[in-house]
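Secondary and tertiary structure notes
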Amino acid sequence: MNRVKYFIDNIASIIKAKWLVQQDNALIEQLLIDSRKLIFPQTSLFFALKGPRRDGHAFIAPLYKKGVRNFVISEAVDTDAFSEANILQVSDPLQALQTLVAHHRKQFSLPVIGITGSNGKTIVKEWLNQLLEDHYTIIRSPKSYNSQIGVPLSVWPLNEQHELAIFEAGISLPGEMEQLQKIIQPTIGIFTNVGEAHSEGFVNLRQKVNEKLQLFRHVETLIYCQDDHEINSGVAALWQQLPNNKRFTIFSWSMVSEAVLQVREVLKEGAGTTITAQYKGEEISIVIPFTDNASVENAIHCWCVMLHLQLSQEVIERHMRQLGPVAMRLELKKGINNCSIINDSYSADLSSFTIALDFLSQQQQHTKRTVILSDILQSGRSEKDLYAEVARLLQQRQVSRLIGIGERISHQQHIFQNAGIPEPAFYSSVDAFIKELPHIPFKDEIILLKGARVFELEQIDRLLQQKVHQTVMEIDLTAVAHNLKQFQQLLKPATKMMGMVKAFSYGSGSYEIANALQFHHLDYLAVAYADEGVELRKGGINLPVMVMNPEESTFDVLVQYNLEPDLYAPGILRLFEDFVKKQGIQQYPVHIELETGMNRLGFSMAELPVVIDALRTPFFKVQSVFTHLASSEDPQHDAYTNKQGGLYLEMAEQLQAVLSYRFIRHVVNTAGIVRHPQWHLDMVRLGIGLYGGDSSGEGGLDLREVSTLKSTIAQIKELKEGETVSYGRRGVVTRDTRIATVRIGYADGYPRLLGHGVGKMLVNGHLAPVIGTVCMDMTMIDITNISHVREGDEVIVFGGALPVKQVAHWAQTIPYELLAGVSQRVKRIYFEE
Ligand SMILES: *Cc1c(COP(=O)(O)O)cnc(C)c1O
C-alpha cells in the first residue's frame, strides 16, 4: 500500500520545531495526547499539551519508561534523562499538532464533508455514513470528536483508500473555527442549525453564526436551511465577501420559501415520516423511520448531500427507509452471573472500537475482559491488515477472551491465534452464537459487545442482561466528568480534590463513579462507612479512601483494605491506637476531624491535647486535618462560616506544630467551593456538585444532571367518574379518566408524600400527576390528557426534563435525600456519551 508516511525529521520541519535531542529517524504512525491511550510506543509521537490543571510535560518521563521515544514539547526538560529520544521543541504543542494534521490533509483531494452547527452534528455525520457506506470508503470523526484536539485526531488516519471524509467541527470560543477549517479543509459544508448565543462563549447570535461560518470559507458547496434568519443572512454576507471565482454553490433547503430543495409536505404517520419536496422542477419524496422534528431536519440535511452527490432516487429512498438510531453513548450495565456488559452494537470501525476498548479497560471491577466483535465493514484496508490491527489492540488492552462473529472475522481467525490472543472463538453469525450460548460460560467478567448495526448484536445484549424489574436509574458518566471540570476550574491548580462517594455515591452507584473519578485523577475519595470502602477496593479502586465514620468492629477490614479512618473523638482515637499497637503497625494513615460549629463529629478545642499526645506516638501518620461547614450555601451565615474557618486554622496550627511533616488542610464542600474560595486551602471535598447539584445556587456553573430515574407502565385503565384509585380510596375520579400504573413505589425510593397529585411524572414529554396513594411497588398516574401512551412505555420519574430539584421540592425535601434514597433494588445503568 502506498501510504503517506511521516518520519520524525519530516515532522520537525513541518511544524518548524527546534531539536532538543535527536536520535534515530523514527517512523511516526500515531499521534498521542493522552498518556492513558498509549498503545504503540515505538511509533507514537506524544504532544505535551498544557491544560488548566494538567501539564502534558508531567507524562514525558512515565511514557519514556514505557518505550515512547518521540515527543513534541514546549518547556525545557532534562535532556540527559531522555537521551534515547527525539525531542522537538515548539512554542505551542497544540498548534504544532494542528499544523501537522493540516499538512497531512493537504496531501489528499477527496470530497470532504465538514459539519458544524449547534445540534445534530453527530447524528448527521453518523446518518451520512449509514446512507453512503455502500457507495464510498468513508473516514469520519469518531463519536463526537469535534474539538481543537478531537478534529486533528479524527483527520490524522485519513489515507489513500478513502473516497469520502465526514468530519464535524465544534467550537466554544471565537477564533477557533479558523484552526479547524485548516485541518478539515471541507469541500462540502453542512450548517445544521444554531442555538442560543450565550450557551457558548459568544456575545450574540450573529457573532456565533459568523464564527461557525469560518469553516466554510473555501467549500465548493454549502448545505443549510434558509429558514433560520441568522444563518441565511450570515451565509449571504459571507458569499458577498468572497471574490467572484472563490464563491461556493448554495444548496439551501426550506419549508416555507423557494430554495434548491423546497420541502412541500412533512407527513407523520405511525412510526415514520414522509417528506415531499420540489427539486429541479420535479416532485420527490423520502420516508424516514422517525417522527420527531430534529430527525426530520437531520434527514433533510442528509438528503441534500445525497442529491448533491447525484445518487439515484431509488438508492436515496431505499437507504432513507433504513436509517437507524445513532448510539451516542456507551452503556455499562449488570449482566448474568455477576458480569458487566458494555453494549456498543451500533457501529464497528477501528476508531470507535478503540474508544470502546478504552472504556472497557477503564473498568476495574473484573479482571477478566471479553470482547464480542462482529466483522468490521468498510474499513478501506485489506482484511489482513485490519484484523492484525484489531489483534494488536486486543493484546495491548489485555483482553482475556475474543468471540468473533461473522464470516470475515472468522476467516481471519489464524491472525488472532498467531497473535496469542487467549481463548479466541468464532461463529459465522449471531444465530450460530446464540445457539451455542447456553454452553458458553460467562461469569465474573466484563463483556464488550461491539458490532456493525447489520449484525444486531443487541440480541446478545438482551440475553446477557440481568433480568430485573423495569425501573432503572441511568447514570451519565460523561456528565460526572463534565461537572468535575466545572469545579476544577474554580480551583488553583495545586488545590487537591476529594470526591465524596458516600451512600453509594449519593445513590449513583459505588465503584462505577469512584472509577470514573480515579480515571480523572482525583486525589482522594471519602465514604461514610468501612464496608463502602471495601466495595471500592473490591472494584479495583486504588485511590486513598477516607472513612468518615469508622467503627471498632471494622478496624480489621479497614487495615486489611488500606482504608484511612477519620478519627473524630477521643474514644475512637484511643480504640484505634490500641488496635494498631496490638497489630504492630506504625505510621498508619489517619485523618483528624475538628469540631468548629457543625456540632456533628470532631474534636473540640478542649480535646486537642488528647490528639497531640497521640500524634507524638509512632502509630499514626496524619494525612489530613479537616472540619465541616454547617451552612456554606447560605449568605446569611457567612460570618459564622468564616468564624468556623478561623477556628479551624487556629486548631490545625496547634496540631501542625507537633508534627515534622505537613498534612492536607480541608474545609469546604460543594457550596463552599463556589462561595468561599478563601477556604479552599489544600483540598476541597466535592459531593453533590459531582452529581449535578449546586446547593449554593450561585456561581453560574453549567452543571449537568447525572441521574435519570425511569420506570415503565405496567397497565392502563379507563375509569368512570366517581371511581377511586389506590389504598384508602382517596384518589377520587371527578371525570372519565385514563390512568397508568407505573412500576415504582416507596420501596424504590419514591416518597409517599408525592401521592394525590403532589408529584408528577413525565410521559411522552408531558407531566402526568400522581393519582391516589403511592404504594410500596407501584404508583398510579393520570394520563387522560396525554395521547399515544401504551402499556410498556417509559416514564421519567426524575432527571432530564424533570429536574430532581423540582421533584425534591414537591416532596418537601432536597435532592440529596431523593437521590440517596433510590433503593438498591433499582438497577443502575451507566453510560458515556
Ligand atoms: C457529605 C460531605 C461533604 C460533601 O458535601 P456536598 O454538599 O455534597 O458537597 C463534604 N464533607 C463532609 C464531611 C461530608 O460529610
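Residues numbered from 1 in each chain as written. Predicted model: local features only at pLDDT ≥ 70, side-chain atom pairs only at ≥ 80, totals over all residues. Heavy atoms only, no water.

**Points about the pairing of strand β20 (residues 401-405)**
Put simply, the rule is: Burial status follows relative accessibility: with a 1.4 Å probe on protein chains alone, a residue under 20% of its type maximum counts as buried, one over 50% as exposed, and anything between as partly exposed. Secondary structure elements follow DSSP: runs of H or I no shorter than four residues count as helices, runs of E no shorter than two count as strands, and numbering proceeds from the N terminus. When DSSP finds two or more bridges between a pair of strands, those strands are recorded as paired.
With 5 of its 5 residues buried, β20 lies for the most part within the structure. Neither face of β20 is open: one carries Arg 401, Ile 403 and Ile 405, the other Leu 402 and Gly 404, and all of them are buried. Taken together, the 5 bridges between strand β19 (residues 368-374) and β20 define a ladder with parallel strand orientation. Bridging from a neighbouring strand, Leu 373 pairs with Gly 404 of β20. Where β20 and strand β21 (residues 424-427) come together, 4 bridges link them in parallel fashion. Bridge assignment links Gly 404 to a residue of β21, and that residue is Phe 426.

**Details of the pattern of salt bridges**
To keep it simple, the criterion reads: Any carboxyl oxygen of Asp or Glu that lies within 4 Å of a side-chain nitrogen of Lys or Arg is treated as forming a salt bridge with it.
For the structure on display, the rule yields 27 salt bridges. For the salt bridge of Arg 140 with Glu 126, the shortest nitrogen-to-oxygen distance reads 3.0 Å. Of this pair, Arg 140 sits in strand β9 (residues 138-140) while Glu 126 sits in helix α4 (residues 121-132), and the two are 14 residues apart along the sequence. The same class applies to Arg 140 as to Glu 126, namely buried. Residue Asp 358 is joined to Arg 397 by a salt bridge in which the shortest nitrogen-to-oxygen separation is 2.1 Å. With Asp 358 in helix α11 (residues 350-362) and Arg 397 in the loop between α12 (383-396) and β20, this residue pair connects regions lying 39 residues apart in the sequence. You'll find Asp 358 and Arg 397 in the same group, each marked buried. Look at the salt bridges and you will find they share partners, linking Lys 125, Glu 126, Arg 140, Glu 168 and Asp 349 into a network.

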